[in-house]
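Fold and geometry: a report
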Amino acid sequence: MATLVDIRNLTIAYGSAPPVLADFSVTLAERSLTCIVGRSGVGKTSLLRVIAGLAPPRSGAVVMAGADGPVAAADAVHGCRPLALVFQQPRLLPWRRVIDNVMFGLEGVLGHDDRLRRAQSVLTQVGLADHAGRWPHQLSRGQCQRVNLARALAVRPRVMLLDEPFSALDTVTRQGLQADVLRLWRETGTAVLLVTQDIEEAVLLAERVLVLGGRPARVIRNFPVTLPYPRQRESHRFATQVKTLRDTLAELVADGEGI
Amino acid sequence: MKRAVLALAGLGAVLAVWEGAPRLGWVSPSVLPPPSGLPLAFWRAYADGWLDAVRESLGQYLMGVGIGAGLGILLGFAVALSPRLEALLSGPMQVLRPVPALAWVPVGILWFGFTGPAVIFVVAIGVFGANAPAACGAVQAVDRELVEMAEAYGQGGRWSTAAKVLLPGAAAGILVGIRAGLAQGWLAVVGAGLAGIPGLGQRMEQAASGHAADAVLVYLITFMALFGLTDALWVLVRDRLSAWQR
């Protein structure tokens, strides 16, 4: 697969404080699904914010393939963004109905009718077609997270960045959304970079898992997940992969890597 | 339903006591005229140019509210978004904040004379004082994560953020400031009138000076009705803007 995003030697720091993340380099291929795992506070969310362009890195660069060329121009005309961030909390605008929240990223780019068609289509994809006219406060937490996902899908991103989007959900809702993300990843062909603290979730979803650790944080393991999709949580091979990743993390802690 | 019946019963009881007190000789009708005499008093006031006075005061009030609320909300927005401006204005605001709105009446008379613009000035000052801090606080309280979300989805320009996130996010707080300003505005209209600037307040003061208690009550009820009307309009706007909360 061709490289879609080239993240080069990224160092992230707050003000003049020592960096929280240093020399982070990774490439994301088209249609890939990568998970980043690491302890709380290791800099996972900061990394996604920098990749999404919401904060500057202290050094390094995020280079999108075709960022200045005709692909980018065509993307802009068709209401597509190179990257879309799915936040940990849904961050829906409470004074907008569900459909208007989903159309948010298309405003100023597409006309109203096109926005509406696109939003209705992605709401159908996430199973909320009947909820288009509701207010966010009328939705469950899982439904809000689906709207969060739909808002990202609406801009047809080439890379979708997901920041622990299932962490605050109950088990049943979380598993439903994990299945949705996998399905949408396959249907849309977008590349996915997902941050999580849940080892099982990482093994369930990812083609490879990057383990962040140390101070400042860096990639200390690149762990390919070799199981075919769809993955069964109950299978012996799944349990073995989860255990292998857990053991790897335990070894790193024992070696003083500070996961 | 039961509550509405009780409310009506309470109102009826007050009117009955009010009607009975002067008729039974508990108080002099020259101090508290009975409500049954008010229609005639109202007719006399009407013949004496009541409607013109209402128009004049209402026009000055609306002009003052528009200027005061507009400038107050704009400045509140600017201060909320600019720490430098907030620091710059913190000194003058600390000095001016304790000045009661009615203390500006003599200043208005000094600068504009006993004219309509003086009333507009005093109303605008009072309304501005209620709206600027309310708008500033409301904008500062908008969830910054929503602002970041807007930026992530290409709506992070200054005007776009202001129109799509900050203004709707701060609307509830701004509305509270507007309501306080509406009340301040009527207070200023009354105060300016009592100081002798032509309008409803001045007519009420003249009626009191002439011991025309029924005319005083007519103007009092007029102020109550106007305040009730503006407040009811505010409730309509509030309900429309906060439909998403229900």
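Residues numbered from 1 in each chain as written. Chains lettered and ligands numbered in written order. Predicted model: local features only at pLDDT ≥ 70, side-chain atom pairs only at ≥ 80, totals over all residues.

**A closer look at the overall build of chain A**
Put simply, the test is: Numbering goes from the N terminus for both helices and strands, where a helix is a DSSP run of H or I of at least four residues and a strand is a run of E of at least two. Here the globule rule reads 2.2 Å times residues to the power 0.38, and the radius of gyration is calculated from C-alpha atoms. In this scheme every C-beta is placed from the backbone, and a residue whose C-beta has 20 or more other C-beta atoms within 10 Å is buried, one with 12 or fewer is exposed, and one in between is partly exposed. Two residues qualify as a contact pair if the distance between their C-beta atoms, derived from the backbone, is within 7 Å.
Scanning chain A for helices and strands turns up eight helices and nine strands. In summary, chain A has a C-alpha radius of gyration of 18 Å against a globular reference of 18 Å for 259 residues, a match within 12%. With respect to the three principal axes, the spread of C-alpha positions in chain A is 55 × 45 × 35 Å. The burial tally for chain A puts 43% of its 259 residues in the buried class. Restricting the contact set of chain A to residue pairs at least 6 apart, pairs at least 24 apart contribute 72%.

**Description of the packing of helix H2 (residues 38-47) of chain B against helix H10 (residues 213-241) of chain B**
Residues and elements named next belong to chain B. Here is the rule: For helices, the axis comes from a line fit to the C-alpha atoms of the stretch in contact; other axes are also lines fit to C-alpha atoms, and the angle between any two N-to-C directions lies between 0 and 180 degrees. When an angle is under 35 degrees it counts as roughly parallel; over 145 it counts as roughly antiparallel; between 65 and 115 it counts as roughly perpendicular; any other value is oblique. Lys, Arg, Asp and Glu make up the charged group, whereas Ala, Val, Leu, Ile, Met, Phe, Trp, Tyr, Cys and Pro make up the nonpolar group; the residues left over, Gly among them, are polar.
Remark: H2 packs on H10, axes separated minimally by 9 Å, with the N-to-C direction vectors making an angle of 80 degrees. One way to sum up the angle between H2 and H10 is to call them roughly perpendicular. Within the contact between the two elements, H2 uses Leu38, Ala41, Phe42 and Ala45 and H10 uses Asp214, Ala215, Leu217 and Val218. Here the residues of the contact of H2 with H10 sort into seven nonpolar, no polar and one charged.

**Structural notes on helix H4 (residues 83-96) of chain B**
The test is simple: By definition here, a helix of n residues has an expected span of 1.5 Å times n minus one.
If you check H4(B), its first and last C-alpha atoms are 20 Å apart, about what 14 residues at 1.5 Å a residue would give, namely 20 Å. Of all 14 residues that make up H4(B), zero are buried, and the element is exposed over most of its length.

**Overview of the nonpolar core**
The nonpolar side chains of a soluble globular protein tend to be buried, and buried together. Selection criterion: Nonpolar cores are identified as sets of buried Ala, Val, Leu, Ile, Met, Phe, Trp, Tyr and Cys residues joined via C-beta atoms within 7 Å.
Ranked by size, the top nonpolar core spans 125 residues in total, and within it A:Leu85, A:Val102, A:Ala150, A:Leu161, B:Val122, B:Val123 and B:Ala135 carry the most contacts. Setting aside anything within four residues of it in sequence, one finds A:Val102 in contact with A:Ala119, A:Val122, A:Leu123, A:Val147, A:Ala150, A:Arg151 and A:Ala154.

**Concerning the confidence of the model for chain A**
Filter applied, for reference: Per-residue confidence from the predictor is given as pLDDT, running between 0 and 100.
In this model, chain A carries an average pLDDT of 89, and 93% of its residues clear a pLDDT of 70 or more. When mean pLDDT is taken per element in chain A, helix H3 (residues 98-103) of chain A scores highest with 97 and helix H2 (residues 70-77) of chain A scores lowest with 58.

**Re unusual backbone geometry**
Residues and elements named next belong to chain A. Of the consecutive residues Arg215 and Pro216, the connecting peptide bond is found in the cis state with omega at -10 degrees. With respect to the secondary-structure elements, Pro216 resides in the loop between strand E8 (208-213) and strand E9 (218-224). With an omega of -5 degrees, the peptide bond between Tyr229 and Pro230 qualifies as cis. Here Pro230 lies in the loop between E9 and helix H8 (236-254). A positive phi angle is found at Arg31, which is not glycine, with a value near 60 degrees. Tracing the backbone through its elements, the reader meets Arg31 in the loop between strand E2 (21-29) and strand E3 (33-37).

**Thoughts on the interface of chain A and chain B**
Quite often, the size of an interface is put as the accessible area lost when its parts meet. Tallying the contact residues gives 15 residues for chain A and 11 residues for chain B. Split into classes, the residues belonging to the side of chain A that touches chain B amount to 10 nonpolar, two polar and three charged.

**Observations concerning the sheet that holds E3(A)**
Residues and elements named next belong to chain A. Here is the rule: One requirement defines pairing of two strands: DSSP has to find at least two bridges between them.
Spatial ordering of the open sheet is given by E5-E6-E7-E3-E8-E9, a layout of six strands whose pairing is mixed. Because the sheet does not close on itself, it has two edges, and the strands there are strand E5 (83-86) and E9. Put simply, the sheet's adjacent strands are angled 20 degrees from each other on average, direction ignored. Sheet analysis places E3 next to strand E7 (residues 191-196), joined by five bridges and oriented parallel. Within the sheet, the bridge partner assigned to Ile36 lies in E7 and is Val195. On the sheet, helix H5 (residues 141-154) packs against E5 and strand E6 (159-163) and is oriented at approximately 175 degrees with respect to E5. Running at roughly 155 degrees to E9, H8 makes contact with E8 and E9 of the sheet.

**As for the sheet that holds strand E4 (residues 59-64) of chain A**
Residue and element names in this part refer to chain A. Within the open sheet, the three strands sit side by side as E2-E1-E4. Their pairing is antiparallel. Here the strands that pair on one side only, and so sit at the sheet edges, are E2 and E4. Averaged over all pairs of adjacent strands, the angle between strand axes in this sheet comes to 10 degrees, irrespective of strand direction. Direction of pairing for strand E1 (residues 3-12) relative to E2: antiparallel, over a ladder of six bridges. The residue bridging Ile12 from the neighbouring strand is Leu21, located in E2. Packing of helix H1 (residues 44-51) onto the sheet brings it into contact with E1, E2 and E4, and relative to E1 it is tilted by some 125 degrees.

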